[in-house]
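# Observations on chain architecture
Below are the chains, spelled out letter by letter.
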Amino acid sequence: MEEKKSNSLPIILGILLVLAAIAAIYFGVKHNQDVKEATMKQAEIDSLVTVRTGLETELNSLNLRYSAIAMENDSLTGSMESAREAIAKKDEQIRWAQRKSASDAKALKDEIAMLQSSKEEMAGTINRLTQENDQLKMTNAELTEKLNASEEQNTALKGQVGDLERANTLLEQRTSQLANVAYKASAMQVNIARKNDKTTIKAGRVRKFTVSFDLVEVPEEYRGEQTLYLTITDANGVPISEGGQKVRVGSENQALVIEALESKKVNVGPSQRFEFSHALSDKVKKGFYIFSVYADKGLIGSTMYQLI
């Protein structure tokens, strides 16, 4: 009996050793699998964390771009306020995502999806604001150009008004000299012509002035041979060209010296129409011009004409 027990003991020990070996192999294999799975899981998490970090960096960069656009032109207040609210929500989502644990791959994937969506929405917002900004700049440039053109026109108009006022004043002074004359020129007409004798009102094209007028009901004592003179001045009373003939006309306290551009000896009768022509040697500027006709006795008529 004792011999039987002693024979079974090695068998039992052998079985136990086999079981122990099997257990060791099983647990060793399982441990290796667990280590491998943990390594793979950690690699996935690390990869997802890298992706999330990249998205957060891109979102921060987009935030800086948005701030730059908002500072560049804050006149898009209405659109920017709503955009600011949207971006504030995205910022809150980003802060929430950054507080999440980085140990759960599924949670990281959800965060990445949210960050990707936030990035696309923010990029869309920035693109829209950039387009609005560009459009506003274009509109502002157009308005500025129109404003400058309007200011130039206004300045030109003020200049024309000033010229007109000075010309009217000069014409009134000339007209006042006619109060005591015995006869006056009437139906004064000015014709402005180019080189080809076609009529024009463009200052740069003028090459000849023609002034015609009537002398009617001339008193008998003022009839007969005498000299008539033509003067042409700008609104300030300055002759349009140099080299005119200085002539003294009038008598006693009404005498004055004029610079006649043209003169003509005529035989004055009871009624007639006369004409003066003056060819230009230099171009004239835009503005108002005073055409005056004098006789030896003084001024007999004036009229005004505008060149543009």
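Before going into details, it helps to say that this report is about the structure given with it. (Residues numbered from 1 in each chain as written. Predicted model: local features only at pLDDT ≥ 70, side-chain atom pairs only at ≥ 80, totals over all residues. Heavy atoms only, no water.)

### Describing the pairing of strand E4 (residues 245-249)
So the rule is basically this: Two strands are counted as paired when DSSP detects at least two bridges linking them. Only runs of H or I of at least four residues qualify as helices and only runs of E of at least two qualify as strands under DSSP, and these elements are numbered from the N terminus.
Sheet analysis places E4 next to strand E5 (residues 256-260), joined by five bridges and oriented antiparallel. Bridged to Val249 within E5 is Leu256. The antiparallel pairing of E4 with E5 creates a hairpin that spans six residues between the two strands, and Gly250 there sits at a positive phi of about 85°.

### Digging into the packing of aromatic side chains
For clarity, the threshold we go by: Two rings belonging to Phe, Tyr or Trp (six-membered ring only in the last case) form a pair when the distance between their centres is within 6.5 Å. Interplanar angles under 30 degrees mark stacking, angles over 60 mark edge-to-face geometry, and anything in between is tilted. In this scheme, a residue with accessible area under 20% of its type's maximum is buried, one over 50% is exposed, and one in between is partly exposed, where area comes from a 1.4 Å probe on protein chains only.
Applying the stated criterion across every chain yields a total of four aromatic pairs. Both rings, one in Phe209 and one in Phe291, keep their centres 5.3 Å apart while their planes meet at 65°; by these two values the pair is edge-to-face. Here Phe291 lies in strand E8 (residues 287-295) and Phe209 lies in strand E2 (residues 208-215), a separation of 82 residues in the sequence. One exposure class covers both Phe209 and Phe291, and it is buried.

### Description of unusual backbone geometry
The phi torsion at Ala187 lies on the positive side, around 50°, for a residue other than glycine. Here Ala187 lies in strand E1 (residues 185-193). Here Ala187 falls in the partly exposed class, since its relative accessible area comes to 48%. Phi is positive for Asp197, which is not a glycine, with a value near 70°. When you line up the elements, Asp197 lands in the loop between E1 and E2. The class for Asp197 is exposed, based on a relative accessible area of 52%.

### Thoughts on the sheet that holds strand E9 (residues 298-307)
Rule in force here: All axes here are fitted lines through C-alpha atoms, helices being fitted over the stretch that makes contact, and every angle between N-to-C directions spans 0 to 180 degrees.
What the four strands build is an open sheet, ordered E6-E3-E8-E9; its pairing is antiparallel. Of all strands in the sheet, those with a lone pairing partner are strand E6 (262-268) and E9, marking the two edges. Adjacent strand axes in the sheet meet at a mean angle of 20°, parallel and antiparallel pairs treated alike. Direction of pairing for E8 relative to E9: antiparallel, over a ladder of nine bridges. Among the inter-strand pairings, Phe288 is bridged to a residue of E9, identified as Gln306.

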